[in-house]
Amino acid sequence: MNVHFKITTGLLDGIFADLRRPHPFASERAAFIGCKASRCRDGNLILAHTYLPLPDDWYVDDPRFGCVFSADAMRTAMQFALTEDASMFHVHLHDYGGAPWFSRPDLRESSKFVPDFWNVKPDLPHGTLVLSPDGAAGLCWYPHQKTPLRIRKVTALGFPMRFLGGAR
Amino acid sequence: MSHLFSRQTFLGKDSEKLFGEIRVGIVGLGGGGSHIAQQSAHVGVGRFAIFDPDFTDFPNLNRTVGATFADAVAKTPKVVVAERMIMGINPHAEVWPIQAEWQSDFPALRACDVVFGCIDGFSGRAQLEESCRRAMIPLIDIGMDVHKGDPYSISGQVVMSMPGLPCFRCMGFIRQKDLDDEGRRYGEAGGNPQVVWSNGVLASTAVGLFVQTVTPWCRIHPASAFVGYDGDRFTLEHDGRLTVTGRTQCGHFSGIGDLGDPFWKP
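Please read all numbers here as calculations on a predicted model, not as lab measurements.

Novice: Would you explain the overall build of chain A in this entry?
Specialist: A tally of regular secondary structure across chain A gives three helices and nine strands. Secondary structure elements of chain A occur, N-terminal to C-terminal, as β-α-β-β-α-β-α-β-β-β-β-β. In summary, chain A has a C-alpha radius of gyration of 15 Å against a globular reference of 15 Å for 168 residues, a match within 12%. Counting only C-alpha atoms and orienting by the principal axes, one finds that chain A spans roughly 45 × 35 × 30 Å. Contacts in chain A between residues far apart in sequence, at least 24 positions, make up 62% of those at least 6 positions apart.

Novice: Can you walk me through the interface of chain B and chain A in this structure?
Specialist: In many reports, interface size means the accessible area that the parts give up when they come together. Listed as interface residues are 25 residues of chain B and, on the opposing side, 28 residues of chain A. For the side of chain B that touches chain A, the secondary structure elements donating two or more residues are α5 (106-110) and α8 (196-214) of chain B. Ranked by residue count, the leading element in the side of chain B that touches chain A is α5 of chain B, at three residues. Taken together, the residues of the side of chain B that touches chain A break down into 16 nonpolar, four polar and five charged.

Novice: Can you walk me through the pairing of strand β1 (residues 23-27) of chain B in this structure?
Specialist: Side-chain direction in a regular strand flips from residue to residue, so the side chains alternate between the two faces of the sheet. Residues and elements named next belong to chain B. The buried fraction of β1 is high, at five of five residues. What you see with β1 is no split at all: Arg23, Gly25 and Val27 on one side and Val24 and Ile26 on the other are buried throughout. Two strands pair when backbone bridges link them, and β1 and strand β2 (residues 47-51) are joined in this way by five bridges, in the parallel orientation. Across the sheet, Arg23 pairs through a bridge with Arg47, a residue of β2. Read from β1 through helix α2 (residues 31-43) to β2, the crossover connection turns out right-handed. For β1 and strand β4 (residues 114-117), the ladder comprises four bridges, and the chain directions are parallel. Within β4, the position partnered with Ile26 by the bridge is Phe116.

Novice: Teacher, can you tell me more about the sheet that holds β2 of chain B here?
Specialist: Residue and element names in this part refer to chain B. The eight strands lie next to each other as β3-β2-β1-β4-β5-β6-β7-β8, forming an open sheet whose pairing is mixed. Both edges of this open sheet fall to β3 (94-98) and β8 (235-238), since each of them pairs with a single strand only. Looking at each pair of strands side by side, their axes are set apart by 15° on average, direction ignored. Where β4 meets strand β5 (residues 139-147), three bridges bridge the pair, whose relative direction is parallel. The residue of β5 that forms the bridge with Phe116 is Ile140. Sheet strands touched by α2: β1, β2, β4 and β5. Its angle to β1, the strand with the most contacts, is close to 165°.

Novice: Looking at this structure, I do not really get the pairing of strand β3 (residues 43-53) of chain A. What am I missing?
Specialist: Residue and element names in this part refer to chain A. Here strand β1 (residues 2-8) runs beside β3; their pairing, made up of five bridges, is parallel. Bridge pairing in β3 places Val3 opposite Asn44. Pairing between strand β2 (residues 30-40) and β3: 10 bridges, direction antiparallel. Bridge pairing in β3 places Ala31 opposite Pro53. Between β2 and the antiparallel strand that follows it, β3, lie two residues.

Novice: Would you mind going over unusual backbone geometry with me for this structure?
Specialist: The bulk of non-glycine residues show a negative phi, and the bulk of peptide bonds are trans. Cis peptide bonds are those with omega within 30 degrees of zero, and the linkage from Phe159 of chain A to Pro160 of chain A qualifies with -10°. In this structure, Pro160 of chain A sits in the loop between β8 (153-157) and β9 (162-166). With an omega of 10°, the peptide bond running from Asp150 of chain B to Pro151 of chain B counts as cis. Mapped onto the fold, Pro151 of chain B is located in the loop between β5 and β6 (153-161). Backbone geometry places Asp85 of chain A, a non-glycine residue, at a positive phi of 55°. Position of Asp85 of chain A relative to the elements: it lies in the loop between α2 (71-84) and β4 (87-93).

Novice: Would you mind showing me how to read the packing of helix α6 (residues 122-134) of chain B against helix α7 (residues 176-185) of chain B here?
Specialist: Packed helices, taken two at a time, are described by the angle between their axes plus the distance between the axes. All names here are of chain B. It is at 8 Å that the axes of α6 and α7 come closest, and there the two elements cross at 125°. Comparing the axis directions of α6 and α7 gives the class oblique. When α6 is examined against α7, the residues Phe122, Ser123 and Ala126 are found in contact with a partner set consisting of Asp178, Leu179 and Glu182.

Novice: Looking at this structure, how should I read the packing of α2 of chain B against α8 of chain B?
Specialist: Residue and element names in this part refer to chain B. Close contact between α2 and α8 brings their axes to 8 Å; oriented N to C, the two are set at 45°. Relative to α8, the element α2 is oriented oblique. Regarding α2 and α8, the two cross each other, and that crossing is right-handed. Listed contacts from α8 to Gly31, Gly32, His35, Ile36, Gln39, Ser40 and Val43 of α2 are Val196, Asn199, Gly200, Leu202, Ala203, Ser204, Ala206, Val207 and Val211. Tallied by class, residues from the contact of α2 with α8 come to eight nonpolar, eight polar and no charged.

Rules used throughout
Residues numbered from 1 in each chain as written. Chains lettered and ligands numbered in written order. Predicted model: local features only at pLDDT ≥ 70, side-chain atom pairs only at ≥ 80, totals over all residues. Helix = DSSP H or I, 4+ residues; strand = E, 2+ residues; numbered from the N terminus. Rg over C-alpha atoms; globule rule 2.2 N^0.38 Å. Contact = placed C-beta atoms within 7 Å. Nonpolar A, V, L, I, M, F, W, Y, C, P; charged D, E, K, R; others polar. Buried ≥ 20, exposed ≤ 12 C-beta atoms within 10 Å, placed from the backbone. Pairing = 2+ DSSP bridges. Right-handed = clockwise from strand over helix to strand, strands pointing away. Axes fitted to C-alpha atoms, helices over the stretch in contact; angles between N-to-C directions. Parallel < 35°, antiparallel > 145°, perpendicular 65-115°, else oblique. Left-handed = near helix turned anticlockwise from the far one by under 90°.

Written out as structure tokens, the structure reads:
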């Protein structure tokens, strides 16, 4: 099944600006995007709407990882999913050019916390997205499936439209 | 870049691959939509979803690109004419011909990366825009009119509705008054006059706007795209209504509830 992630360039540019801000101790920032889902003939669309940045004090100082967020971050994202009936996508940035992909710790940790969103919204897809200045990749946990699907296409809507890739 | 597209290399080294993977939706395959189908195939678009419930008839032959006298005799569905034309230009294209109103196949519409709206009436346009906004699809609408009078007058427009940016209502293109007037006139018989040359101008402008949005060849990106056509003076000009309102974002389709399927199920 194809998964196509869509976002406006205005929202995407705001995400880049936020994720590039230095943090007092974390080497990278992360956040969540509240999305809606839509079924299309060749798969599903994930439609980004609301950016939920993480305040500085929601990061945990753990030198083993670039970024560890606290339970407050998850609680806020889960609350958003519940009240807005939203699919939640974790997002972070690898700030170098080319097609990005998840590190091994990224994959390990996201496979733990992303399915937690099913505790509040079991019938919606949730996932994780990694951005680079000119690319993007993502994984989508489809309801009732243990293995995540690779996002096939990421499109930023605006002038010009940007096609950021997807499946690796 | 293959030899086939060697004359449009200025669109970028990846443009051939990009167009090959894009799915374009064309709603309405009459005078405007048939031109758009033809030009999109020439540009290299590789995937199409084309919608029209109608059959070719003799009054269509004055403007429907690709339709023949034999099609009018045989009452060939317009989607079949358009598919034949697209496949004649690009035999590798994937075409979904939907011989029905676009509302009968929402999943096919939602699979499109860009939709061209070539339909009559404000309420139809408003419905199509709402569906495109819900799936975050840029919509490029074209339309023309021959105004009755002494003498006659031809005008038209190309309007782009880009998710996140001003919509048709923000731009003043669709107003409640127009919808109300149209509702009162509902059921009036008779087709509007349509001619091939002005349909061609508007369709070409729409395809150019699409290409500029996907693979820009210059740095000018229209903050809005509302182009008015004066068919008497043969001019195209940006419509000033959006500038007057000063809008840069859409106030009509901005909530999270305006996106996606209201009752999405896996």
